[in-house]
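Geometric and topological summary
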Amino acid sequence: MKIHSAVYVGSANSYQNCPISRQPEYAFVGRSNVGKSSLINALVGTSVALVSSQPGKTKSINHFHINQSWYLVDLPGYGYAKTSKEQRIAFEKMVREYLLYRSNLACVFVLVDIRIPPQKSDVNFSQWLGEHQIPFAHVFTKVDAISQYEIQKAIRNFHQILKANWEELPPYFITSATQKIGVRALLDYIQNINRTFSKS
C-alpha cells in the first residue's frame, strides 16, 4: 500500500466524540516514549503526529484519515509516571472505552520498546486486549538501536512471558522509524485487513 493522503481530522476526549464513520480504524498505543509518533510519521510519510522529546504529549484520541479510505488513530501512551494519578486514570478510562466500544476498530497496534526488558504494563495491556477479544498485534520499535541477535532474544523473552497465558501468540512486527524498517510490512498488513473489513 502507498499513502497518497493523510489528513488530520480532529481530537476527541471520548469515544462518543470520535468521527462518525464505518471505515476501518487502526489504533496505535504503547508506553510513553515508545516512539509512537515517530512511527506514525514514518508510516504516512509526513509529519502528522507531534514528536516530542518529552513523553506523555498525546492526551487525546487523534484521528488521521488515510487515503480517504481508513483511519489511523493516535492514542495517549500509558505508564507515564509524571502525570497525576487522576490524569492517568482518566487517560486509561478514555483509551479503554474507545477500544471496547469503537465499532469500526479493525486492529490495535501495541508498540513495545525492544531495547528494554519486558514491561509489566505492556504484558498486562496485551492480556486485557486478549480477554476482551480485541484484535491486536505487537510492534517492536527502535530495532535499529540493537543487534539482530539482541532483537531475536528480546522477542523470545517477551513471548516467553505471554505463553504463560496464551495458546496462540498475536502477530508481531519489528520496526524502526528512522530507518523505515517494517513500514511496508505494517502497511501491507493494514491493506489485507481493509480488504476483509470492506466485505464484512
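Note: the structure precedes this text.
Residues numbered from 1 in each chain as written. Predicted model: local features only at pLDDT ≥ 70, side-chain atom pairs only at ≥ 80, totals over all residues. Heavy atoms only, no water.

Concerning the pairing of strand E6 (residues 136-141)
This is how the line gets drawn: When a residue's accessible area, from a 1.4 Å probe over protein chains only, is under 20% of the maximum for its type it is buried; when over 50% it is exposed; and in between it is partly exposed. Only DSSP runs of H or I with at least four residues qualify as helices, and only runs of E with at least two residues qualify as strands; both kinds are numbered from the N terminus onward. Any two strands with at least two DSSP-identified bridges between them are counted as paired. Assignment of crossover handedness uses the view with strands pointing away from the viewer, where a clockwise path from the first strand over the helix to the second indicates a right-handed crossover.
Counting buried residues in E6 gives 6 out of 6 residues, a clear majority hidden from the surface. Neither face of E6 is left uncovered, since the one carrying Phe 136, His 138 and Phe 140 and the one carrying Ala 137, Val 139 and Thr 141 both have all their residues buried. Where E6 lies against strand E7 (residues 172-174), 3 bridges are found, and the strand directions are parallel. Following the sheet pairing, Val 139 is matched in E7 by Phe 173. Crossover connection from E6 via helix H4 (residues 148-162) to parallel E7: handedness right-handed.

Quick word on the packing of aromatic side chains
Under the convention used in this document: Ring pairs are drawn from Phe, Tyr and Trp, using the six-membered ring of Trp, whenever the two centres fall within 6.5 Å, and their geometry is named by plane angle: stacked under 30 degrees, edge-to-face over 60, tilted for the rest. As a reminder, the over-ring test applies to NZ of lysine and CZ of arginine, requiring each to be within 6 Å of the ring centre and within 35 degrees of the ring normal.
Taken as a whole and assessed by the stated rule, the structure comprises 12 aromatic pairs. Pairing Phe 140 with Tyr 172 gives two aromatic rings, centres 5.9 Å apart and planes at 75 degrees, and the pair type is edge-to-face. Taken together, the residues span a long stretch of sequence, with Phe 140 in strand E6 and Tyr 172 in strand E7 at a distance of 32 residues. The class of Phe 140 is buried, set by a relative accessible area of 1%. Judged by relative accessible area, which is 38%, Tyr 172 ranks as partly exposed. Among the aromatic residues, those joined into a ring-pair cluster are Tyr 26, Phe 28, Trp 70, Phe 109, Phe 173 and Tyr 189. In this arrangement the basic side chain of Arg 96 is found over the ring face of Trp 128, its NZ or CZ atom lying 4.7 Å from the centre.

Some remarks on the sheet that holds strand E1 (residues 6-12)
The cut-off we apply is this: Geometry is summarised by axes, namely lines fitted to C-alpha atoms with helices restricted to the contacting stretch, and by angles between N-to-C directions that run from 0 to 180 degrees. Here, residues are in contact when the closest pair of their heavy atoms is within 4.5 Å.
Read across the open sheet, the 7 strands follow the order E1-E3-E4-E2-E5-E6-E7; overall the sheet is mixed. Strands with a single pairing partner mark the edges of an open sheet, and in this sheet they are E1 and E7. Strand-to-strand twist of the sheet, defined as the mean angle between neighbouring strand axes without regard to direction, takes the value 25 degrees. Relative to strand E2 (residues 25-30), helix H1 (residues 36-44) is tilted by about 150 degrees, and along the sheet it contacts E1, E2, strand E3 (61-66), strand E4 (70-74), strand E5 (105-113) and E6. Of the strands in this sheet, E2, E5 and E6 are in contact with helix H3 (residues 120-131), which crosses E5 at around 165 degrees.

A few points about the packing of helix H2 (residues 85-101) against H3
Rule in force here: For classification purposes, an angle smaller than 35 degrees is called roughly parallel, one larger than 145 roughly antiparallel, one from 65 to 115 roughly perpendicular, and anything else oblique. Note on convention: near helix rotated counterclockwise from far helix by under a right angle means a left-handed crossing. Clockwise means right-handed. For this classification, the nonpolar set comprises Ala, Val, Leu, Ile, Met, Phe, Trp, Tyr, Cys and Pro, the charged set comprises Asp, Glu, Lys and Arg, and every other residue, Gly included, is treated as polar.
Running from N to C, H2 and H3 cross one another at 30 degrees; their axes reach a closest spacing of 11 Å. Considered as vectors, H2 and H3 are oriented roughly parallel to each other. Of the two elements, H2 crosses H3, and the hand of that crossing is right-handed. Contacts between H2 and H3 involve Arg 96, Leu 99 and Leu 100 from the first element and Phe 125, Trp 128 and Leu 129 from the second. For the contact of H2 with H3, the per-class residue count stands at 5 nonpolar, no polar and 1 charged.

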